[in-house]
Amino acid sequence: MTSTITSSEIRLVSRPRGLPTLENFERAQSELAPPRDGQVLVRNLYMSVDPYMRARMHEEAYMPPFQPGQALTGAAIGEVVQSQASGLAPGDIVSSAYGWREYFVADAADVRRIDRPFQPVSTHLGVLGGTGLSAWVGLNLVDVKAGDRVFVSGAAGAVGSIAGQLARLRGCFVVGSAGSAAKVRMLRDELGFDAAVNYRNGDLLGELKAAAPEGIDVYFDNVGGEHLEAAISIMRPHGRISACGAISTYNDERPSPGPRNLFEIVTKRLTIRGFIVLDSLDQMPRFLAEVTPLVAAGSSFAKRRSSRGSTAHRRHSSTCCAAAMWERCW
Ligand SMILES: NC(=O)c1ccc[n+]([C@@H]2O[C@H](COP(=O)([O-])OP(=O)(O)OC[C@H]3O[C@@H](n4cnc5c(N)ncnc54)[C@H](OP(=O)(O)O)[C@@H]3O)[C@@H](O)[C@H]2O)c1
């Protein structure tokens, strides 16, 4: 290719206050120069819309904040269109951090070739990507093992659905929470959870006590807030909490008071451990070695994915407005 290529991208226009709106984003065109030596031109096929992106829309974030006027970034799977780099050829499927755009040109070092892509290739954003790694790392962090009684919140979401299934495969009793009757049915009937509760029924703690009358040993926290408080209440002595996220709080203007029962961490001798999956990327090969055969064997994992077509993300990600805009573009 000798001429430039025009690519659509989604840019942050202004930092959202509370729930993001479409006005916080714009669709724009950019002109890409042809790839130089050592570079590739990639056409994106799928991107992941993740809750952490909401945090990056703040001026101060635990990761580099998105900047107004610039395209958002995030995990994506694409196909090499042109290559000036050895080891990468047109047609290769690659993962990158260049989401929110149609095409991009990057150094070969900034993309990772997927040697034997699963179909759909979005699997490499979901169960075989950062989402699956997050679930796996979060379970390992608190040493989840056979016989544990595990509660997973946000269980119908990308991370929660995988964490719950992995815990089940390890021989745990698993309870999940979700926000609709249909999702509760899916957790029980399709994904193999032992029990599931609808937190929108208005009595989360009561429903959890009924679903896990003997209490829980492990809480995989995706939600924070009321869920964390309820989980602490039903934890057995020496229980472990894996603090993955707190999605119920991400659109809050200011931090809300924490669980009112934190003293139970003392009386029950609980352990709570947080993690950021980016710190664990070196564990990717071990994770893939363990989980790829499960996916290949046709477990229900393959049903959960992070992609621009995922209804879970369209409806429930804290960045849903940006996702809606992305969908309009293609
Ligand atoms: N620590 C890390 O490195 C790391 C890595 C990846 C993800 N995370 C965290 O993991 C969590 C899940 O991420 P994900 O990728 O699975 O996102 P996702 O696919 O968008 O799922 C999030 C789920 O959260 C639930 N939810 C949203 N708002 C809620 C609320 N106010 N109360 C209760 N549930 C609510 C939704 O379930 P319903 O529709 O059923 O309400 C949705 O299914 C997030 O907190 C994220 O920040 C952390």
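Only a predicted model underlies this, so the values are computations on that prediction, with no experimental measurement involved. (Residues numbered from 1 in each chain as written. Predicted model: local features only at pLDDT ≥ 70, side-chain atom pairs only at ≥ 80, totals over all residues. Heavy atoms only, no water.)

Caption draft 1: Fine view of the site of the ligand. The immediate surroundings of the ligand are formed by 26 residues, with Gly-179, Lys-183, Tyr-199, Phe-275 and Val-277 found nearest. In this structure, an oxygen atom belonging to the ligand sits 3.5 Å away from a main-chain N or O atom of Ala-246. Note that an oxygen atom of the ligand is positioned 2.6 Å from one of the backbone N or O atoms of Val-277. Protein burial of the ligand: of its 920 Å² of free accessible surface, 88% is covered by the chains. Elements supplying a minimum of two residues to the shell around the ligand: α3 (158–169) and α9 (311–316). Split by residue class, the shell around the ligand holds 14 nonpolar, 10 polar and 2 charged. If you count residues domain by domain, the shell around the ligand takes at least three from each of domain 1 (5–126 + 305–329) and domain 2 (130–278). (Near = heavy atom within 4 Å. Polar contact = N/O pair within 3.5 Å; in protein donor to acceptor, adjacent residues only side chain to side chain. Areas by Shrake-Rupley, 256 points an atom, 1.4 Å probe, with all protein chains shown as cover. Helix = DSSP H or I, 4+ residues; strand = E, 2+ residues; numbered from the N terminus. Nonpolar A, V, L, I, M, F, W, Y, C, P; charged D, E, K, R; others polar. Domains from an automatic or database assignment.)

Caption draft 2: Spotlight on the packing of helix α2 (residues 130–141) against α3. Where α2 meets α3, the closest approach of the two axes is 8 Å, and the angle between their N-to-C directions is 50°. The angle between the axes of α2 and α3 places the two elements in the oblique class. Where α2 crosses over α3, the handedness of that crossing is right-handed. Contact with α2, carried on its side by Thr-131, Gly-132, Ser-134, Ala-135, Trp-136 and Leu-139, involves Ala-158, Val-159, Ile-162, Ala-163, Leu-166 and Ala-167 of α3 and no other residues of that element. (Axes fitted to C-alpha atoms, helices over the stretch in contact; angles between N-to-C directions. Parallel < 35°, antiparallel > 145°, perpendicular 65-115°, else oblique. Left-handed = near helix turned anticlockwise from the far one by under 90°. Contact = heavy atoms within 4.5 Å.)

Caption draft 3: Inspection of the sheet that holds strand β8 (residues 149–152) at higher detail. Reading across the sheet, the 6 strands line up as β10-β9-β8-β11-β12-β13 and stay open at both edges, with parallel pairing between neighbours. Each end of this open sheet is capped by a strand with a single partner; those strands are β10 (195–198) and β13 (271–274). On average, adjacent strands in this sheet sit at an angle of 15° to one another, irrespective of strand direction. In terms of strand pairing, strand β9 (residues 173–178) meets β10 through 4 bridges, oriented parallel. Across the sheet, residue Val-175 finds its bridge partner in β10, namely Ala-195. Strands β9 and β10 of the sheet are contacted by helix α4 (residues 181–190), whose axis makes an angle of about 170° with β10. (Pairing = 2+ DSSP bridges.)

Caption draft 4: Quick peek at the packing of helix α5 (residues 204–211) against helix α6 (residues 225–234). Two elements in contact, α5 and α6, have axes whose closest approach is 10 Å; the angle formed by their N-to-C orientations is 40°. As judged from the angle between their axes, α5 and α6 are oblique. The crossing of α5 and α6 is right-handed. Taking contact as the criterion, the partners of Leu-204, Leu-205, Leu-208 and Lys-209 in α5 are, on α6, Glu-226, His-227, Ala-230, Ser-233 and Ile-234.

Caption draft 5: Highlighting the pattern of salt bridges. All chains considered together, the criterion is met by 13 salt bridges. Across the pair Arg-17 and Glu-253 runs a salt bridge whose closest N-O atoms are separated by 3.3 Å. Of this pair, Arg-17 sits in the loop between β1 (5–12) and β2 (25–32) while Glu-253 sits in the loop between β12 (235–243) and α7 (263–267), placing them 236 residues apart in sequence. On the accessibility criterion, Arg-17 (68% relative accessible area) is exposed. A residue is classified by how much of its surface remains accessible, and Glu-253, at 48% relative accessible area, is partly exposed. In this structure, the salt-bridge partner of Asp-148 is Arg-240, at a minimum N-O distance of 2.8 Å. In this pair, Asp-148 sits in the loop between α2 and β8 while Arg-240 sits in strand β12, placing the two residues 92 residues apart along the sequence. Residue class for Arg-240 comes out buried when judged on its relative accessible area of 15%. Linked by salt bridges that have partners in common, Asp-92, Arg-113 and Asp-115 make up one network. (Salt bridge = Lys/Arg side-chain N within 4 Å of Asp/Glu carboxyl O. Buried < 20%, exposed > 50% of the residue type's maximum accessible area, 1.4 Å probe, protein only.)

Caption draft 6: Structural detail: the nonpolar core. Counting residues in each nonpolar core, the largest one holds 35 residues, and the members touching the most others are Val-144, Val-150, Leu-187 and Val-291. Among the elements of the structure, α2, β8, α3, β9, α4, β11 (216–221) and α8 (284–296) are those that each provide at least two residues to this core. A total of 6 residues in this core trace back to one element, the largest contributor, which is α2. Once you skip the residues sitting within four places of it in the chain, Val-291 turns out to touch Val-127, Leu-128, Trp-136 and Leu-166. The next biggest cluster of nonpolar side chains, apart from the first, holds 18 residues, and it includes Leu-208, Tyr-219, Ala-230 and Ile-241. (Core = buried A, V, L, I, M, F, W, Y, C linked by side-chain atoms within 4.5 Å.)

Geometry only, nothing functional implied.
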